[in-house]
Amino acid sequence: MEQLRSVLTGPGRLPPGQQAGGSLTALAPMQDVTDLAFMRVIARYGAPDYFFTEFFRVHAQSRPEKHILRSLDENDTGRPVFAQLIGEDLHHLERTAAELLRHPVAGIDLNLGCPAPKVYKKNVGGGLLREPGRIAEIFATLRAAVPGLFTVKMRIGFDTTDNFDRIVDLVNEHRVDLLSVHGRTVKEMYRNEVHYDFIARAVGRARCPVLANGNVTSAVRASSILAATGAAGVMIGRHAIRNPWIFRQCREKFAGQAITRISLADVHGYIDHLFHATQVAGLPERAHVNKMKKYLNFVGQGVDAAGAFLHDMRRTETEKDLFSICDRHLLAEPTREFSVEPYPGVIARPNCETPSVVTDGCSLETITA
Ligand SMILES: Cc1cc2nc3c(=O)[nH]c(=O)nc-3n(C[C@H](O)[C@H](O)[C@H](O)COP(=O)(O)O)c2cc1C
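Definitions and limits used
- Residues numbered from 1 in each chain as written.
- Predicted model: local features only at pLDDT ≥ 70, side-chain atom pairs only at ≥ 80, totals over all residues.
- Core = buried A, V, L, I, M, F, W, Y, C linked by C-beta atoms within 7 Å.
- Buried ≥ 20, exposed ≤ 12 C-beta atoms within 10 Å, placed from the backbone.
- Domains from an automatic or database assignment.
- Contact = placed C-beta atoms within 7 Å.
- Helix = DSSP H or I, 4+ residues; strand = E, 2+ residues; numbered from the N terminus.
- Expected span 1.5 Å × (residues − 1).
- Arc of directions from axis to C-beta.
- Axes fitted to C-alpha atoms, helices over the stretch in contact; angles between N-to-C directions.
- Parallel < 35°, antiparallel > 145°, perpendicular 65-115°, else oblique.
- Nonpolar A, V, L, I, M, F, W, Y, C, P; charged D, E, K, R; others polar.
- Pairing = 2+ DSSP bridges.
- Left-handed = near helix turned anticlockwise from the far one by under 90°.
- pLDDT = per-residue confidence, 0-100.
- Right-handed = clockwise from strand over helix to strand, strands pointing away.

Draft legend 1. Region of interest: the nonpolar core. Grouped together as the largest cluster of nonpolar side chains are 106 residues, with contacts concentrated most on Leu 211, Ala 212 and Val 234. Of the domains in this structure, domain 1 (2–13 + 21–254) and domain 2 (264–368) are the two that each give at least three residues to this core. Ignoring any residue separated from it by four or fewer positions in sequence, one finds Val 234 in contact with Thr 25, Leu 211, Ala 212, Val 216, Ala 222, Ile 225, Leu 226 and Cys 250.

Draft legend 2. Region of interest: helix H15 (residues 319–330). Between its terminal C-alpha atoms H15 stretches 16 Å, which fits the 16 Å expected from 12 residues at 1.5 Å a residue. Of the positions making up H15, those classed as buried are Leu 322, Cys 326, His 329 and Leu 330. Around the axis of H15, the buried residues are gathered within 80° of arc, so they sit on the same side. Across from the buried face of H15, at angles greater than 90 degrees, the exposed residues are Lys 320, Asp 327 and Arg 328. Check the buried side of H15 and you find it contacts helix H12 (264–277), helix H13 (285–299) and helix H14 (308–313).

Draft legend 3. Summary view of the packing of helix H8 (residues 196–205) against helix H9 (residues 219–229). Closest axis-to-axis distance for the H8/H9 pair is 8 Å, and the angle between their directions is 55°. Overall, the two elements H8 and H9 adopt an arrangement that is oblique. Mapping the contact onto sequence places Tyr 196, Ile 199, Ala 200 and Val 203 in H8 and Ile 225, Ala 228 and Thr 229 in H9. The residue inventory of the contact of H8 with H9, partitioned by class, reads six nonpolar, one polar and no charged.

Draft legend 4. Just the sheet that holds strand S5 (residues 149–155), in detail. Strand order in this open sheet of eight strands is S1-S8-S7-S6-S5-S4-S3-S2, and the pairing throughout is parallel. Bordering the open sheet on either side are strand S1 (24–27) and strand S2 (51–57), each of which pairs with just one other strand. Ignoring strand direction, the axes of neighbouring strands in this sheet form an average angle of 25°. Where S5 meets strand S6 (residues 178–182), five bridges bridge the pair, whose relative direction is parallel. Bridge assignment links Met 154 to a residue of S6, and that residue is Val 181. Across the sheet, helix H4 (residues 90–100) touches S2, strand S3 (81–86) and strand S4 (107–112), and the angle it forms with S3 is around 160°. Along the sheet face, helix H6 (residues 132–145) touches S4 and S5 and points at about 170° away from the line of S4.

Draft legend 5. Molecular detail of the packing of H6 against helix H7 (residues 164–173). Interaxial distance between H6 and H7 falls to 10 Å at its minimum, and their mutual angle equals 15°. On the basis of the axis angle, H6 is roughly parallel to H7. Along this stretch, H6 crosses H7, giving a crossing that reads as right-handed. Where H6 approaches H7, its residues Pro 132, Ile 135, Ala 136 and Phe 139 are matched on the opposing element by Arg 166, Ile 167 and Leu 170. Residue classes in the contact of H6 with H7 are distributed as six nonpolar, no polar and one charged.

Draft legend 6. Structural view of the domain arrangement of the protein. As far as domains go, the protein holds domain 1 (2–13 + 21–254) and domain 2 (264–368). Between the C-alpha centres of domain 1 and domain 2 there is a distance of 26 Å.

Draft legend 7. Region of the structure containing the confidence of the model for the protein. Summary statistics for the protein give a mean pLDDT of 92 and a share of 91% for residues scoring 70 or more. Confidence over residues 1–10 falls short of pLDDT 50; this stretch has 11 contacts with residues more than four positions distant or in other chains. Low pLDDT, under 50, characterises residues 351–369; the stretch is placed with 35 contacts to residues that sit more than four places away or in other chains.

Draft legend 8. Examining the pairing of S5 more closely. With seven of its seven residues buried, S5 lies for the most part within the structure. What you see with S5 is no split at all: Leu 149, Thr 151, Lys 153 and Arg 155 on one side and Phe 150, Val 152 and Met 154 on the other are buried throughout. Alignment of S4 against S5, held across six bridges, turns out to be parallel. Paired with Gly 107 across the two strands is Leu 149, which belongs to S5. Regarding the hand of the β-α-β motif, the stretch spanning S5, H7 and S6 is right-handed.

Draft legend 9. Geometry of unusual backbone geometry. Phi is positive for Asp 32, close to 70°, though the residue is something other than glycine. Unusually for a residue other than glycine, Met 189 sits at a positive phi of about 50°. Mapped onto the elements, Met 189 comes out in the loop between S6 and H8.

Draft legend 10. Quick look at the environment of Glu 65. Its place among the elements puts Glu 65 in the loop between S2 and helix H3 (66–73). For the pair Glu 65 and Glu 54, spaced 11 residues apart in the sequence, the C-alpha separation amounts to 9.9 Å.

Structure representation (structure tokens):
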């Protein structure tokens, strides 16, 4: 552990991916999802090269949230974890970075993408994309505060992409070590198609490695997105909740090997494992079942084309009901394949990508409740 700590906390280079010379993979930071329990579950099915924490909120009264610190201090996934910050106050960003550097972090990541109005109205997250001048000050502050890896995760703009090139130039100017680009503006939320052309543009302009993010639904898609953008790797969020084997499958695809096929019985095993991994002492059964439904909203997109599993799963209230639905839908034909791509029209509710539905934020509560 000590050795791991010194490798990860020492100033230096991006920790190498698991596949020599191959494309990189990362689990996207997701508030209320990418906690220690979920990272451990993902690691069991095939860990990505890098993890990112949920964001640590930074303001005058903030202290690093204890439950997020656990995903650094107790990380036993074997993969480095970057600590993500969201905020705009220079002094408190510097203070928080210094505090987090006392923990086993791979580096410090800055959130320039959160689209929740309550967040961007405070001029943090995606709101900052309107103010390249402020971004320059934040980059300068964090670059000076972080001797090791300083990374940035951004959307391609607020309501337009007018500041995009300027912000990528700031990434170069302040020697950012890794840039993750979600190819949508803040105002596009999760609705529109991902603008992979802007990810390619970042790759052409940035001196650091770029991770392509947004709708990387499968290993095959990952491969074509990498070919189209020239990115150094992919960052995957919601589709890793649906399919935790996705990072292993990406590595197989990148190495030209056959992609592991997943059966419905395997998915049943994943749900069972996730249920036990996310059990917290004192959490009432009903609340735990509701928490599971948020993950299963995504899992259901690969179970059946009619959305029958999703329909039935959403009506359960007890552990017994939930698992009887899982048994019925997943063990009736246990060897049937779990779809590698989400079935078209089978949506995590409310639909993150349908124009008629406006989602409110980064939280799984607001995206899938
Ligand atoms: C439930 C949820 C929570 C999220 N929380 C964060 C966050 O804390 N920090 C961040 O930078 N992005 C956050 N995001 C955005 C994701 O990291 C990612 O950019 C987005 O989901 C697009 O990638 P995907 O299509 O692979 O899901 C969140 C997304 C979701 C669905």
